[in-house]
Amino acid sequence: MKSISLVVPVYNEEESLPLFFTRLDDIILKKNDAEKYDFEVLFIDDGSRDASLALIKAQADASDHIKYISFSRNFGKEAALSAGIRHATGDAVIPIDADLQHPLELVWEMLDKWERGADMVVGVRDKRSDEGFLKKKITKGFYKSINKISEIPLIENAGDFRLLDKQVVSVIRELPENNLFMKGLFSWVGFKVDTVHFEDKPRQGGKTTWNYWKL
Ligand code: UDP
Ligand code: MG
C-alpha cells in the first residue's frame, strides 16, 4: 500500500481547524476506497498562542492517521513546512494550508497525476478572491522580476500546495538551506512536473499573517 503524507502548517488556526478536521475526514479519509492509500496527516504547530495545539492533540489522540510536531515558538510557515517535509514518511508528501484555502478535493486529482507519472503536481490558483488590486499587482510584479533574473522559472500563482514524490522530498531534505524559500527550492530541484488548478477562496476564519511589508 502506498502511503501519503499531508503536511499542515498551523499558526493560530483555532477558527479553521474544526472544519478542517471534518473536511479531512469526509473528503479524504472516508473517500479512501478499499483503503487504497495509507494516509498520515502531520500537523506542525508553529507556536500558536490560541487553542490550535490543544485541538490538534485531541485529534491525534482519537486517530491513528493524525500526528503532530509542536514548535517552541513561532518560526514562520517556511520553517514549519520544512520540519513537516523532513519528518513525513509518505511515498508522496502534500503540504496544505489549515485555513481551507487549499481545496482538499484536489488531493485526489494530484494523486491521479502522480500515479500517471508526475514527480511533482503543483496546485495553481486561477483566481485570487480575497486580494485587493495592489496585492495582485505586487504579486504579478514579483513573478515578472524573479522570472527575469532567475535561471529557474517559477510557475505563476503556484504556492506550497503541491504533491511531492518521495524522490523529490529526499533531494529537498539534502539541501543545506537555512534561509528557506520553499517555492524556489521546489522549482530548483527539477523532476517531471504537472499542474492542477483551483479557484482561490477566502480563508475559513482567523486572519492571514501576510502583510504588504512582508510581501
Ligand atoms: N502559518 C504558519 N506559520 C506562520 C504563519 C502561517 O504555520 O507564521 C500557516 C497558517 O496557519 C496556514 C498557512 O501557514 O495554514 C498559510 O498562512 P496564511 O493563511 O496566513 O497565508 P496566506 O494564505 O495568506 O498566504
Ligand atoms: Mg491562507
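Residues numbered from 1 in each chain as written. Chains lettered and ligands numbered in written order. Predicted model: local features only at pLDDT ≥ 70, side-chain atom pairs only at ≥ 80, totals over all residues. Heavy atoms only, no water.

S.K.: Which residues make up the sheet that holds strand S2 (residues 37-45), and what values go with them?
M.R.: Strand order in the open sheet made by the seven strands is S3-S2-S1-S4-S6-S5-S7, with mixed pairing throughout. The open sheet is flanked by strand S3 (66-70) and strand S7 (193-199), the only strands paired with a single partner. The sheet shows a mean angle of 20° between the axes of neighbouring strands, taken without regard to direction. Here S2 pairs with S3 via five bridges, running parallel. Bridge pairing links Ile 44 to Ile 69 in S3. The strands that helix H2 (residues 52-62) touches are strand S1 (2-10), S2 and S3; relative to S3, the one it contacts most, it runs at about 145°. The strands touched by helix H3 (residues 77-87) are S1, S2, S3, strand S4 (92-95) and strand S6 (158-165); relative to S1, the strand with the most contacts, the crossing angle is about 160°. (Pairing = 2+ DSSP bridges. Helix = DSSP H or I, 4+ residues; strand = E, 2+ residues; numbered from the N terminus. Axes fitted to C-alpha atoms, helices over the stretch in contact; angles between N-to-C directions. Contact = heavy atoms within 4.5 Å.)

S.K.: Talk me through the packing of helix H1 (residues 17-29) against H2; I want residue IDs and the actual numbers.
M.R.: Interaxial distance between H1 and H2 falls to 10 Å at its minimum, and their mutual angle equals 25°. Between H1 and H2, the crossing angle belongs to the class labelled roughly parallel. Once H1 is placed against H2, the crossing between them reads as right-handed. Across the interface between the two elements, Leu 17, Pro 18 and Phe 21 of H1 pack against Ser 52, Leu 55, Ile 56 and Gln 59 of H2. (Parallel < 35°, antiparallel > 145°, perpendicular 65-115°, else oblique. Left-handed = near helix turned anticlockwise from the far one by under 90°.)

S.K.: Talk me through the coordination of the magnesium ion (ligand 2); I want residue IDs and the actual numbers.
M.R.: Around the magnesium ion (ligand 2), the protein supplies Asp 99 (OD) and Gln 101 (OE1) as donor atoms, at distances of 2.0 Å. Here Asp 99 matches Gln 101 in class, with each residue buried. (Donors = N, O, S within 2.8 Å, 3.2 Å for Na, K, Ca; no water. Buried < 20%, exposed > 50% of the residue type's maximum accessible area, 1.4 Å probe, protein only.)

S.K.: Please provide a residue-by-residue account of the site of ligand 1, values included.
M.R.: Around ligand 1, a shell composed of 16 residues is seen, among which Pro 9, Glu 13, Asp 46, Arg 203 and Thr 208 lie nearest. At 3.0 Å, a backbone N or O of Ala 98 approaches an oxygen atom of ligand 1. Here ligand 1 loses 88% of its free accessible area of 520 Å² to cover by the protein chains. (Near = heavy atom within 4 Å. Polar contact = N/O pair within 3.5 Å; in protein donor to acceptor, adjacent residues only side chain to side chain. Areas by Shrake-Rupley, 256 points an atom, 1.4 Å probe, with all protein chains shown as cover.)

S.K.: So what's going on with a nonpolar patch on the surface? Which residues, and what values?
M.R.: On the surface, a cluster of nonpolar side chains totalling about 430 Å² of accessible area is made up of Phe 133, Leu 134, Ile 138 and Tyr 212. Among the structural elements, Ile 138 can be located in helix H5 (residues 133-149). (Patch = residues over 30% accessible without salt bridge, like charges linked within 9 Å, V, L, I, M, F, W, Y side chains within 5 Å. Salt bridge = Lys/Arg side-chain N within 4 Å of Asp/Glu carboxyl O.)

S.K.: Let's hear about the nonpolar core: which residues, and what values?
M.R.: The tendency in soluble globular proteins is for nonpolar side chains to be buried side by side. Counting residues in each nonpolar core, the largest one holds 35 residues, and the members touching the most others are Leu 24, Phe 43 and Leu 104. Taken together, the elements giving at least two residues each to this core come down to S1, H1, S2, H2, S4, helix H4 (106-115), S6 and S7. Core analysis: the second largest hydrophobic core is formed by 24 residues, Leu 42, Ala 80, Val 93 and Leu 164 among them. (Core = buried A, V, L, I, M, F, W, Y, C linked by side-chain atoms within 4.5 Å.)

S.K.: Would you mind going over the environment of Asp 194 in detail, with residue names and values included?
M.R.: Secondary-structure assignment places Asp 194 in strand S7. What makes Asp 194 partly exposed here is its relative accessible area of 30%. The sequence separation of Asp 194 and Val 121 amounts to 73 residues, and the corresponding C-alpha distance is 4.7 Å.

S.K.: Please set out unusual backbone geometry residue by residue, giving values where relevant.
M.R.: The phi torsion at Ala 34 lies on the positive side, around 55°, for a residue other than glycine. If you trace the backbone, Ala 34 turns up in the loop between H1 and S2. Of note, the phi angle at Leu 100 is positive, near 65°, even though the residue is not glycine. Checked against the element boundaries, Leu 100 lands in the loop between S4 and H4. Residue class for Leu 100 comes out buried when judged on its relative accessible area of 9%.

Fair warning: the whole summary comes from geometry, so function is off the table for now.
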